[in-house]
Amino acid sequence: MSIRSHLEAMDDVVVVEERTDPHLGVTPHLNAHPESPVMLENMAGGGRLVANLWSTRSRIASALRTDVPGLTRLIAGAMASPKPFKWVKDADLLDNQVDKVDLGKLPIPTFYKSDGGPYITAGVFIAEWEGVRNLSFHRVMVTGPRMATVRVVPRHLYALHRRAKAKGKDLPVAIAIGSCPPVLIAAACSVGLGQDELEIASAIRTAAFGKPVEVVKLPGSGLAAPATAEIVLEGRLTGKEADEGPFVDITGTIDPVRQQPVLEVDRIYHRTKPILHAILPGGYEHYMLMGLPKEPAILKSVMGVVPEVRGVRLTEGGCCWLHAVVSIKAQKQGDAKNAILAAFAGHASLKRVIVVDDDIDPFDDRQVEWALATRFQAHDDMLVIEGARGSSLDPSASGTTSKLGLDATIPMDADRGLFKRLM
Ligand code: MN
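What comes next is a walk through the structure.

The rules behind each value
Residues numbered from 1 in each chain as written. Predicted model: local features only at pLDDT ≥ 70, side-chain atom pairs only at ≥ 80, totals over all residues. Heavy atoms only, no water. Disulfide = S-S within 2.5 Å. Buried < 20%, exposed > 50% of the residue type's maximum accessible area, 1.4 Å probe, protein only. Donors = N, O, S within 2.8 Å, 3.2 Å for Na, K, Ca; no water. Helix = DSSP H or I, 4+ residues; strand = E, 2+ residues; numbered from the N terminus. Phe/Tyr/Trp six-rings, centres within 6.5 Å; stacked < 30°, edge-to-face > 60°. Lys NZ or Arg CZ within 6 Å of the ring centre and 35° of its normal. Pairing = 2+ DSSP bridges. Axes fitted to C-alpha atoms, helices over the stretch in contact; angles between N-to-C directions. Contact = heavy atoms within 4.5 Å.

## Focus: the state of the cysteines
Then step 1. Counting across every chain of the model gives zero disulfides.
Then step 2. Cys180 provides the cysteine sulfur closest to Cys189, a residue in no disulfide bond, and the two sulfurs are 13 Å apart.
Then step 3. There is no disulfide at Cys319, and the cysteine sulfur nearest it, in Cys320, is 8.0 Å away.
Then step 4. On the basis of relative accessible area, Cys319 is assigned to the buried category, the value being 10%.

## Comments concerning the coordination of the manganese ion
Then step 1. Around the manganese ion, the protein contributes the donor atoms Asn134 (OD1), His156 (ND1) and Glu197 (OE), which lie 2.0 to 2.2 Å from the metal centre.
Then step 2. Of note, the manganese ion draws all its donor residues from one chain, in the sequence arrangement N-x21-H-x40-E. Here Glu197 lies in helix α7 (residues 197-209) and His156 lies in helix α5 (residues 156-166), a separation of 41 residues in the sequence.
Then step 3. By relative accessible area, Glu197 is classed as buried at 2%.

## Describing the packing of aromatic side chains
Then step 1. Counted according to the given criterion, the structure contains three aromatic pairs.
Then step 2. When the ring of Phe85 is compared with that of Trp87, the centres are 5.6 Å apart and the planes differ by 75°; the resulting orientation is edge-to-face.
Then step 3. Plain terms: the ring middles of Tyr284 and Tyr287 are 5.9 Å apart, the flat faces sit at 50° to each other, and that makes the pair tilted. Here the residue Tyr284 and the residue Tyr287 both occupy positions in helix α8 (residues 284-291), the gap between them amounting to three residues, near one helical turn.
Then step 4. Taking the relative accessible area as the measure of exposure, Tyr287 reaches 11% and is therefore buried.
Then step 5. If you follow Arg205 out to its NZ or CZ, it ends over the ring of Phe209, 5.6 Å from the centre.

## With respect to the sheet that holds strand β23 (residues 401-408)
Whenever strands of a sheet pair, they do so through backbone hydrogen bonds, lying parallel or antiparallel.
Then step 1. Reading across from one edge, β19-β20-β21-β23-β22 is the order of the five strands in this open sheet, with mixed pairing throughout. Looking at the sheet topology across the chains shown, the edges are occupied by β19 (309-314) and β22 (382-388). Strand-to-strand twist of the sheet, defined as the mean angle between neighbouring strand axes without regard to direction, takes the value 15°.
Then step 2. Summarising the sheet, strand β21 (residues 352-357) and β23 pair through five bridges and their orientation is parallel. Note that in β23 the partner of Ile354 across the bridge is Leu406.
Then step 3. Contacts from helix α10 (residues 335-346) reach β20 (323-328), β21, β22 and β23, with the element oriented near 145° to β23.

Below is the structure:
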């Protein structure tokens, strides 16, 4: 389903008709409506932009025909059993092809004063090298009409790019903007290199709609692109590097300048009157699309040590990246401690996890704090792991980080009646 169809089905879209400057003009509109999709119809320089589109769990859940607790399991199921996608001959995406590329004609926003330039933030990279396909999110800082610098953390795209460079070649890439939720979520899942995220996307769509994800072959590179996309940039990650950043990241703090690969864009495909999807850095949609797809990995890891898990949540207060709550049905003394260790193993950036019993709703912050208030004693229930690898986005971490596990479950040998909430 295209984002156009999703937008039509939503009844709380904020439509902004006033002329909006892509340079610093977008962010105030998005901050004014953090949980509603905002459609900026009249971008200065032309084009239109949508953001805050997938800014809440319930919106993503309903787009995938499930509920909030069901979302983690739906994605986990898709990760465990990928499904083939379907090649289609044509798509609205191929209606317009631009060979004389000028990225300045797209309404690409500069979100914050400190940002190094205009940024494409909702771009899903599709790359294929020697039979291995990979989908992943990377921010793209535009530096010229067809030039950009891409933040490529050392994961899968990095590995494919390195393999291409070793043979003296550029890595062909397609960057899909405005894809459907299954593609967005699959691109942010943590799976092994070699596992095709398009097949995970297809499994998500099959679980929700009973249909595979549809994919078109791009005429220029032959790369696969999701047929739902609004805009696809086709180009190459070159062997050159240039400054990337600064960039306000998910934590709302500054990610500094680094030398990163240079992208050259050769071609653009787009629907007629395309909608540029943008993700506000540090906004709720960033939390959702970056954090939520990590929850299934934590769930899987915890289920390896505790069979019954009510739910896993990366909390909004922890930017859906650094802090988690795990709700379990403990069977043996020490299960909660094992769940803490497993949660850390499931998401390397995790810094703090609170484990609660299954009578506590992990999605309710007050219930979680209540569990800490009535079921937790620091001298017994707190686990600190020093010198571990954490997130580079946490300014308080210096190289390594201290991880904190809090066991807020009722001790197995306790009189459980004393711990029950009776009001
Ligand atoms: Mn991958």
